[in-house]
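So you can see what is in the structure, the chains are spelled out below.
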Amino acid sequence: MTVTVAAPSPSWPEDVLRLNAVCPYYTMFPLDFPLQQLAARPEATRVLDPFCGRGTTLYAARLAGLPSVGIDINPVAAAIAEAKLIQVTPAAVVRLARQILNGGMRGQVPEGEFWQWCFERETLCELVTLREALLGMSTPTAAMLRAVMLGILHGPRNKNLPSYLSNQMPRTYASKPAYAVKFWTKREMEPVRIPALEVIERRAKRLLDAAPIARGGKVYLGDSVETLNGLRQKFDLVVTSPPYYGMRTYVADQWLRSWFLGGPPEVPYGTHGQIARQPNQEAFIQALAEVWAASARRCRKGARLAIRFGALPSARTDPEQMLLASVREAKAGWLVKEVRKAGTPPKRTRQAEQFGKAGSAIEEIDLVADLVGLAR
Ligand SMILES: C[S@@+](CC[C@H](N)C(=O)[O-])C[C@H]1O[C@@H](n2cnc3c(N)ncnc32)[C@H](O)[C@@H]1O
């Protein structure tokens, strides 16, 4: 399919968009936001997202036929986002998985009640073998297999063909071990054998059969300012969404996926480098300002910056004022053209989906600025 200008997602066949949903990520924004920004900027040639999360902006750029660069400090985000830039066949992904599994057991099986109840023993051995092998691989096929694995690691048990490797669990976040063990034991819900290769094969075909042509780009794992300072390319469109103010870190909720990427076999409570963990509002505004300034230094004059932002009601602050202050504070030549309410997106697609339970949806705002001056 040849596409020159991005259109909002309803005009795309559903199967072309599937790869974008390779793995859920808590704080994702809907594909329509970057698609609309791209449609409004048909002259754009290279797109940047300095807080790329699952890589929604990168996928929108791919649909629009453009290369893109994403940066994120969370290894789970970076691993999912990487898949958005890759072009491989489902057969190649399955071949690699089969080759790894046929190579015999590797790695150390984590011990303890959680692991005994979460995965059937043979399935766990396959999982550990795939994890161990993928830790040392950096080919595009390995990156795609890694993202597929993150997407099938945990989720609900269905009646028909299994889609996930774990015992009953939510798909969006991994339950904490003590809670999960209590849940399974109370219901006498023993894990069942799920052959990893079969699930990989079904998922890879579903995701990749109609994937659009990849247009190049790269995902960097790291702090956005540090990474931007080391880049050489120039961009003309930045579409991004920083962590919402007042939001707790979601790293702990992704602990099982973090383990698959080489993390410890327990819940990590660290918040290393996460902008969301600034001690106060001023520090948060300053941290955002530094990202807008670093982005400006990597942009051509006339470039556009589009930001979706929000704050938790409990943070008792005005997200619009905070965001405007951060752009002003950047002193980087960004001229604000428009600030408008983004409304409350549909439940499944909203960035702060984790607050659904509490019923405290936050209103999000979109800010658009153009680079009129030269960044210092
Ligand atoms: C709101 S999410 C972005 C979601 C993204 N738009 C998507 O659709 O998935 C914000 C992201 O910023 C990342 N982040 C927080 N602090 C960061 C930093 N200092 N450098 C780079 N990324 C950071 C978080 O890990 C998180 O993935």
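Please read all numbers here as calculations on a predicted model, not as lab measurements. (Residues numbered from 1 in each chain as written. Predicted model: local features only at pLDDT ≥ 70, side-chain atom pairs only at ≥ 80, totals over all residues. Heavy atoms only, no water.)

Visitor: Provide a residue-level description of the packing of helix α6 (residues 121-135) against helix α7 (residues 140-152), including the pertinent values.
Guide: One way to put it is that α6 packs onto α7 with a least axis distance of 11 Å and a crossing angle of 145 degrees. For the pair α6 and α7, the sense of crossing is left-handed. On α7, the residues touching L127, L130 and L134 of α6 are A142, L145, R146 and M149. (Axes fitted to C-alpha atoms, helices over the stretch in contact; angles between N-to-C directions. Helix = DSSP H or I, 4+ residues; strand = E, 2+ residues; numbered from the N terminus. Left-handed = near helix turned anticlockwise from the far one by under 90°. Contact = heavy atoms within 4.5 Å.)

Visitor: Would you mind going over the sheet that holds strand β3 (residues 217-221) in detail, with residue names and values included?
Guide: Across the sheet, 7 strands lie side by side as β3-β2-β1-β4-β5-β7-β6; this open sheet has mixed pairing. The sheet is open, and its two edges are formed by β3 and β6 (334-343), each paired on a single side. Across this sheet, the average inter-strand angle for adjacent strands is 15 degrees, counted without regard to direction. Across the sheet, helix α2 (residues 56-63) touches β1 (47-49), β2 (68-72), β3 and β4 (235-240), and the angle it forms with β2 is around 175 degrees. (Pairing = 2+ DSSP bridges.)

Visitor: An account of the nonpolar core is needed here, citing residue identities and associated values.
Guide: With 122 residues, the main nonpolar core has F114, L145, M149, L256, W292, F309 and W334 as its most contacted residues. Counting contributing residues, this core receives three or more from each of domain 1 (9-85 + 215-371) and domain 2 (90-208). In this view, M149 contacts L127, L130, L134, L165, I200 and F260; residues no more than four positions away in its chain are not counted. Counting residues in each nonpolar core, the second largest holds 6 residues, with C52, A78, A81 and L85 among its members. (Core = buried A, V, L, I, M, F, W, Y, C linked by side-chain atoms within 4.5 Å. Buried < 20%, exposed > 50% of the residue type's maximum accessible area, 1.4 Å probe, protein only. Domains from an automatic or database assignment.)

Visitor: Describe the side chain of E364, with residues and values.
Guide: Here E364 lies in strand β7 (residues 364-371). One buried charged side chain, E364, makes no salt bridge at all; its nearest oppositely charged neighbour is R308, positioned 4.1 Å away. Of the polar contacts made by the side chain of E364, one reaches the side chain of Y244; its length is 2.7 Å. (Lys, Arg positive; Asp, Glu negative; His and termini not counted. Salt bridge = Lys/Arg side-chain N within 4 Å of Asp/Glu carboxyl O. Polar contact = N/O pair within 3.5 Å; in protein donor to acceptor, adjacent residues only side chain to side chain.)

Visitor: How would you explain the domain arrangement of the protein if you had to name every residue and give the values?
Guide: Interfaces are often sized by the amount of accessible area the parts lose when they come together. When cut into domains, the protein gives domain 1 (9-85 + 215-371) and domain 2 (90-208). The C-alpha-based centres of domain 1 and domain 2 are spaced at 28 Å. Across the contact, 29 residues belong to domain 1 and 33 residues belong to domain 2. Across the domain 1/domain 2 interface, buried area totals approximately 2700 Å², and carbon plus sulfur atoms make up 67% of it. Interface area lost by domain 1 to domain 2 is led by L256, W259 and F260, which between them contribute 27%. (Buried area = accessible area lost by both parts, 1.4 Å probe.)

Visitor: A description of unusual backbone geometry should follow, citing residues and the corresponding values.
Guide: Note on backbone geometry: most residues besides glycine have negative phi, and most peptide bonds are trans. Phi is positive for E188, close to 50 degrees, though the residue is something other than glycine. Along the polypeptide, E188 turns up in the loop between α8 (177-186) and α9 (196-208). Despite not being glycine, K331 shows a phi value in the positive range, around 45 degrees. Its place among the elements puts K331 in the loop between α13 (319-330) and β6.

Visitor: Residue-level account of the environment of P42, with values.
Guide: Along the chain, P42 falls in the loop between α1 (32-39) and β1. Here P42 falls in the exposed class, since its relative accessible area comes to 57%. Distance from P42 to W117, taken between C-alpha atoms, is 51 Å for residues 75 residues apart in sequence.

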